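# What the coordinates show
Residue strings, one per chain:
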Amino acid sequence: MARSNLYGKHLITTQEWTKEELIQTLELAEDMKKERFSDKYAVVLKNRSFLMFFYNPSVRTRQSFEIAATELGGHALFLEPKSMRLKTATSAGETIEDAANVMSRYGVGLGIRILEAKIGAYGEGDDLIREYAEYSDIPIISMAHDKYHPCQGIADVQGYRAHLGKELKGKTIVHVWGHGALARSHCSVQESMLICSRMGMNVRVAYPKGYDLDPQVCEWTKKNCAENGMDFSISHDPAEAYEDAHVVYSRNWMSADAYHDGEFHKEDEVKKALPYTDWICDEEKMKLTDNGLFSHPMPIDRGHEVSDEVASGKRSICVDIAENRLHAQKAIMALTMGE
Ligand code: CP
């Protein structure tokens with residue numbers, strides 16, 4: 001594999017990659033899925049290491065990146081920043097500039113996850129990742145932060161292409177808020193809105209009043225849809241947006257007021273979200289769709305975001321998509337870090 005046009009490029013959100021770059025990544029991920037245990041891509045990261053900083057926990061992201069590096073002939077290793085001595089707003093320590101410069105001498109890429117209670121205001125995680133990108137000579141890959149989750153978005157679309165066909169133009173995806181006690185960040189749903197609208201899908205979002213998403217993301221989604229002649233809509237009804245949808249994506253997310261006074265108020269969020277018991281994806285609502293697929297980035301909060309019947313039903317593609325994280329990340333690493 002020669003150096004690609006994406007070599008050295010950061011991945012903070014798919015909105016910052018061209019549609020051609022995203023299709024190139026998806027096609028490579030699809031081939032990597034087919035060729036998983038052949039020698040075709042076995043030395044793309046030979047003698048190279050991928051570094052990961054996890055401020056927050058992870059199952060899929062950490063395992064799939066480690067396996068992706070191994071299957072490409074390289075290695076991945078992780079650090080929890082609490083074991084580093086980084087400078088913060090309240091304590092002395094190493095700057096991001098110094099950490100990014102040193103990591104650039106060790107690895108060929110650096111993944112970062114920072115969201116939920118690890119920040120004190122929406123946007124701080126994005127700011128931190130962009131500061132790493134400013135000083136780093138190697139690609140910075142978001143492994144989920146407060147605003148975006150690009151690896152998840154690419155894996156989602158890989159799943160829709162496998163189940164609905166490669167031409168997604170004209171298909172409809174609905175993102176429905178789910179009640180529950182998790183108060184999740186906006187990253188997965190916002191990334192899905194952006195990449196699905198780039199792929200030419202109609203994009204709908206449904207949530208109770210007060211759970212507004214980032215206005216910039218809504219604006220970009222609307223613009224992406226308009227460029228493809230498609231529609232973007234927001235509804236506050238727990239069922240109407242399901243009508244004739246091809247994909248239903250359920251997810252709990254925190255309200256627009258979750259961060260204030262420099263803190264994440266999780267307990268208030270949980271108290272506020274739990275009474276919305278109508279906001280669950282169940283079989284009755286799925287009957288309104290056009291034989292819709294059920295999608296979720298996982299981990300799933302069964303009984304809150306979605307019923308067991310739907311999560312484990314024939315139209316659920318959550319596990320396929322979780323598997324795609326591996327193939328999508330192999331493609332991202334090969335294109336941005338490999339030779
Ligand atoms: N979807 C996702 O990022 O899963 P993890 O939080 O387990 O990494």
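Residues numbered from 1 in each chain as written. Predicted model: local features only at pLDDT ≥ 70, side-chain atom pairs only at ≥ 80, totals over all residues. Heavy atoms only, no water.

## What about the overall build of the chain?
Short version of the rule: We count a stretch as a helix when DSSP gives it H or I for four or more residues in a row; a strand needs E for two or more, and each element gets its number in order from the N terminus. Radius of gyration means the value over C-alpha atoms here, while the globule rule gives 2.2 Å times the residue count to the 0.38 power. Any residue under 20% of the maximum accessible area for its type is buried, any over 50% is exposed, and the rest in between are partly exposed; the area is computed with a 1.4 Å probe on protein chains only. Working rule for contacts: check all heavy atoms of both residues, and any pair within 4.5 Å makes them a contact. All accessible-area figures derive from a Shrake-Rupley calculation using a 1.4 Å probe, and residue coverage is judged against the displayed protein chains alone. Under this rule, positive means Lys or Arg and negative means Asp or Glu; His and the chain ends count for nothing. Charged groups are reduced to one reference atom each: NZ for lysine, CZ for arginine, CG for aspartic acid, CD for glutamic acid.
Of the regular secondary structure elements, the chain holds 11 helices and 11 strands. Here the chain has a C-alpha radius of gyration of 19 Å; the compact-globule value for 339 residues is 20 Å, and the two agree. Overall, the chain is about 55 × 50 × 35 Å in size when its C-alpha atoms are taken along their principal axes. Out of the 339 residues belonging to the chain, those deemed buried represent 57%. In the chain, 82% of the contacts between residues at least 6 apart in sequence involve partners at least 24 apart. Carbon and sulfur atoms provide 48% of the accessible area of the chain, an area that totals close to 14400 Å². Side-chain charges in the chain split into 40 positive and 52 negative, and the spacing between the mean points of these groups amounts to 5 Å.

## Here we look at the domain arrangement of the chain
Formally: Residue ranges labeled as domains rest on an automatic or database domain assignment. By buried area we mean how much accessible surface two parts lose on assembly, using a 1.4 Å probe and totalling the loss over both. The rule for a salt bridge is simple: a side-chain nitrogen of Lys or Arg has to be within 4 Å of a carboxyl oxygen of Asp or Glu. Pairs of N or O atoms are called polar contacts if they sit within 3.5 Å, as long as, within protein, a hydrogen donor faces a hydrogen acceptor (for residues adjacent in sequence, only side-chain-to-side-chain pairs).
Looking at the assigned domains, one finds that the chain contains domain 1 (14–148 + 323–337) and domain 2 (159–321). When each unit is reduced to the centre of its C-alpha atoms, the spacing between domain 1 and domain 2 is 25 Å. Contacts between the two partners involve 27 residues from domain 1 and, on the opposite side, 29 residues from domain 2. Summed over both sides, the interface between domain 1 and domain 2 buries roughly 2400 Å², with carbon and sulfur atoms accounting for 49% of that surface. Ranking the residues of domain 1 by area buried against domain 2 places Gln15, Glu116 and Tyr148 at the top, with a combined share of 27%. Between domain 1 and domain 2 we count 2 salt bridges in total. Two residues, Arg161 and Glu30, come together in a salt bridge whose shortest N-O distance is 2.7 Å. On the surface where domain 1 and domain 2 come into contact, there are 18 residue pairs in polar contact (both at pLDDT 80 or more). Only helix 1 (19–34), strand 4 (140–145) and helix 11 (318–337) provide two or more residues apiece to the side of domain 1 that touches domain 2.

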